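Listed here are the chains, written in short residue letters.
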Amino acid sequence: MEVLYRSTRGQGETITASKAILKGLSEDGGLFVPTQIPALDIPMAELAKMSYQETAYEVMSRMLTDFTGEELKTCIANAYDEKFDTKAIAPLKEANGAYYLELFHGATIAFKDMALSILPHLMTTAAKKNHAEHEIVILTATSGDTGKAAMAGFADVPGTKIIVFYPKNGVSAIQEKQMVTQKGNNTYVVGITGNFDDAQTAVKKMFNDPELAAEIGKAGYQFSSANSINIGRLVPQIVYYVYAYTSLLREGKIKEGQAINIVVPTGNFGNILAAFYAKQMGLPVHKLICASNQNKVLFDFFTTGTYDKKRDFVLTSSPSMDILVSSNLERLVYRIAGNDAEKCAEFMKSLSENGEYTISEDMKAQLADFYGNYCTEEETAEAIYNVYRSSDYVIDTHTAVAAGVYEKYKNDTKDTDTVTVIASTASPYKFSRSVMSALKEELLEDDFALIDRLSEISKVTVPNAVEEIRTAPVLHDCVVDAVDMPNAVRNILGCN
Ligand SMILES: *Cc1c(COP(=O)(O)O)cnc(C)c1O
């Protein structure tokens, strides 16, 4: 069965997976969605015998049907190798009554590595298949983790350049240090004086600017995206939910067919959408639990049916979830609108013009797969403290939002027996200051002294990704206003 991709806003053509990955975003501003979701038509017991890489092949080959088996296997082998510090790639840790799916064992110790270690391979393969003439320029807006993970993936990949924009005052010290020390002669990092939404909006605008496209085309370039709006990011993320399930099955924690809950700390709605796609493919999932921080637009949406971005943007201790416009929700809205692109386009128009939209009761009824809630900063810190107290296990601030929301879910629904997987999206080392504060430890001034202390407490060795930046020189120091982002791109590409 061939799976093709079309825009959530209905204009533009239906295209192959490889073309959708190359383009990133449709020219009508919509996101590419599969015209149908293929079934994972292979018994879970069979999958339970497979390695992460073999599982990845089974899942991805069903979604990316114009890639040959050979091509996909090569991409997978090049992505999920020694860059990960564990053979399991995505191990499960049992703590405090749930299973933490550790998605932070890649090069930059956040879950973005799961998709961004394979995206460059998918993209260069797609460029070859489609005889792309231009060099690919990846434009990325980051709330802290995507930028570094994308650069780690694309650094020195022939035929590509990558430009990352991050909110200068909106990321953690370690996140910033990781980015500004990035090596590779095709990587560019630009701080902006604005928040993540400003950066993301400006990047989307650049994608949809035909004049800019013509200008850079003349210079031999074309844009693509490494943000989770790219379907090439989403598909590899389906894999680890399947793998978590089959790992539980293999270890005898569940029986075949038994449904599990999945809790996801959510920002742009990419990670949880991948879990939703996994369910659509046939993975036995009871509830998809969407956890937000104080920027609780999604919680309000699930409760009221109104998506309203007109509110203050709160800087929290889980900065990678500080987002008011969750891009990937558009893919869910499209689906619950009955794959009606026209309706979806109207909602998105209303969002950009009026700052809000309200879905119909019919559509709202289709959100029954989801449960949404949020944690305040105090509740997030409490979750870190409680999990550590009960299980000697240190979780990061983002994962803590999920852990806190899971407790609320159990209280609200009395569903305390369903086996539950919590997506653990970052290593605590990436947010050590907030984590140590939550653990009520002394806040040593020096970031690296603090990290060494965290290592003593958690009994987990400091990951390589952190060791590397202890002494690394700063290589990028450019800061611009959000409105000047297109000029920054022109400068970098030499089209002035
Ligand atoms: C990006 C990120 C999230 C949010 O994921 P989305 O796919 O944007 O919802 C959560 N936690 C961490 C650590 C992240 O880097």
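My aim in this report is to walk through the structure given alongside it, one point at a time. These numbers come from a predicted model, not from an experiment.

Right, let's get into the layout of surface pockets. For the largest pocket, the calculated volume is near 700 Å³. Surrounding the largest pocket, 28 residues form its lining, Arg9, Thr201, Lys204, Val325 and Ser352 being those nearest its centre. Listing elements by their share of the lining of the largest pocket, those giving two or more residues are helix 9 (196-207), helix 14 (329-336) and helix 15 (341-354). Broken down by element, the residue count for the lining of the largest pocket peaks at six residues, all from helix 15. The residue makeup of the lining of the largest pocket, split by class, is 10 nonpolar, eight polar and 10 charged.

Next up on the list: the pattern of salt bridges. Evaluation of the coordinates by the stated rule reveals 25 salt bridges. Across the salt bridge formed by Glu27 and Lys23, the nearest N and O atoms sit 3.0 Å from each other. Look at the salt bridges and you will find they share partners, linking Asp41, Glu58 and Arg62 into a network.

Taken together, 15 residues form the shell around the ligand, and within it Lys112, Asp145, Gly267, Asn268 and Thr425 come nearest. Here an oxygen atom of the ligand sits 2.8 Å away from a polar atom, N or O, in the main chain of Gly267. Note that an oxygen atom of the ligand is positioned 3.0 Å from one of the backbone N or O atoms of Phe269. Protein contact buries 98% of the 380 Å² of open area that the ligand shows by itself.

Glancing now at the pairing of strand 9 (residues 260-265). Counting buried residues along strand 9, six of its six residues qualify, which places the element largely inside the surrounding structure. Where strand 9 meets strand 10 (residues 285-292), five bridges bridge the pair, whose relative direction is parallel. Bridged to Val263 within strand 10 is Ile289. Bridge count for strand 9 against strand 14 (residues 420-424) is three bridges, and the pairing is parallel. Residue Asn261 lies in a different strand from strand 14, and its bridge partner there is Thr420.

Turning next to the packing of aromatic side chains. Per the counting criterion, the structure on display carries 19 aromatic pairs. The interplanar angle of 10° and the centroid separation of 5.6 Å between the aromatic rings of Tyr307 and Tyr357 together place this pair among those described as stacked. Here Tyr357 lies in strand 12 (residues 356-358) and Tyr307 lies in strand 11 (residues 306-308), a separation of 50 residues in the sequence. Looking at Tyr307, the relative accessible area reads 1%, which means it is buried. Grouping aromatic residues by their ring pairs yields a cluster made of Phe269, Phe276, Tyr277, Phe301, Phe302, Tyr307, Phe347, Tyr357 and Phe370. The aromatic ring of Tyr57 is capped on one face by Lys73, whose charged end is 4.6 Å from the ring centroid. Between Lys129 and the ring centre of Phe67, over which it is positioned, the NZ or CZ distance is 5.7 Å.

Moving on, we get to the state of the cysteines. By definition, a disulfide is the covalent link that joins the sulfur atoms of two cysteine residues. Summed over the entire model, instances satisfying the criterion amount to zero disulfides. Here Cys495 stays free of any disulfide, with the sulfur of Cys478 as its closest cysteine sulfur at 15 Å.

Here we come to the packing of helix 11 (residues 231-250) against helix 12 (residues 270-281). At a minimum axis distance of 8 Å, the contact between helix 11 and helix 12 shows a crossing angle of 65°. By the angle between their directions, the pair helix 11 and helix 12 is classed as roughly perpendicular. Here the hand of the crossing between helix 11 and helix 12 comes out right-handed. In this structure, helix 11 uses Leu234, Gln237, Ile238, Tyr240 and Tyr241 to contact helix 12, whose residues at the interface are Gly270, Asn271, Leu273, Ala274, Ala275, Tyr277, Ala278 and Met281. Among the residues making up the contact of helix 11 with helix 12, the classes are represented as 10 nonpolar, three polar and no charged.

Gaps left between atoms are located by rolling a probe of water-molecule size over the structure's atoms. Tallying each qualifying case throughout the model produces six cavities of 30 Å³ or more. For the lining of the largest cavity, the leading source of residues is helix 12, giving three residues. There is about 70 Å³ of room inside the second largest cavity. Looking at the second largest cavity, the residues that line it are Lys83, Phe84, Ala107, Asp113, Leu116, Ser117, Ala149, Ala152 and Gly153. Mapped onto the lining of the second largest cavity, the elements with two or more residues apiece are helix 5 (112-116) and helix 7 (146-154). Considering each element in turn, the lining of the second largest cavity owes the most residues, three residues, to helix 7. A per-class count over the lining of the second largest cavity returns five nonpolar, two polar and two charged.

Quick notes on the rules
- Residues numbered from 1 in each chain as written.
- Predicted model: local features only at pLDDT ≥ 70, side-chain atom pairs only at ≥ 80, totals over all residues.
- Heavy atoms only, no water.
- 1 Å grid on protein atoms, 1.4 Å probe; cavity = no way out; pocket = protein on both sides within 12 Å on 5 of 7 lines; lining within 4 Å.
- Points joined across faces, edges and corners; volume = space filled by probe spheres on them.
- Helix = DSSP H or I, 4+ residues; strand = E, 2+ residues; numbered from the N terminus.
- Nonpolar A, V, L, I, M, F, W, Y, C, P; charged D, E, K, R; others polar.
- Salt bridge = Lys/Arg side-chain N within 4 Å of Asp/Glu carboxyl O.
- Near = heavy atom within 4 Å.
- Polar contact = N/O pair within 3.5 Å; in protein donor to acceptor, adjacent residues only side chain to side chain.
- Areas by Shrake-Rupley, 256 points an atom, 1.4 Å probe, with all protein chains shown as cover.
- Buried < 20%, exposed > 50% of the residue type's maximum accessible area, 1.4 Å probe, protein only.
- Pairing = 2+ DSSP bridges.
- Phe/Tyr/Trp six-rings, centres within 6.5 Å; stacked < 30°, edge-to-face > 60°.
- Lys NZ or Arg CZ within 6 Å of the ring centre and 35° of its normal.
- Disulfide = S-S within 2.5 Å.
- Axes fitted to C-alpha atoms, helices over the stretch in contact; angles between N-to-C directions.
- Parallel < 35°, antiparallel > 145°, perpendicular 65-115°, else oblique.
- Left-handed = near helix turned anticlockwise from the far one by under 90°.
- Contact = heavy atoms within 4.5 Å.

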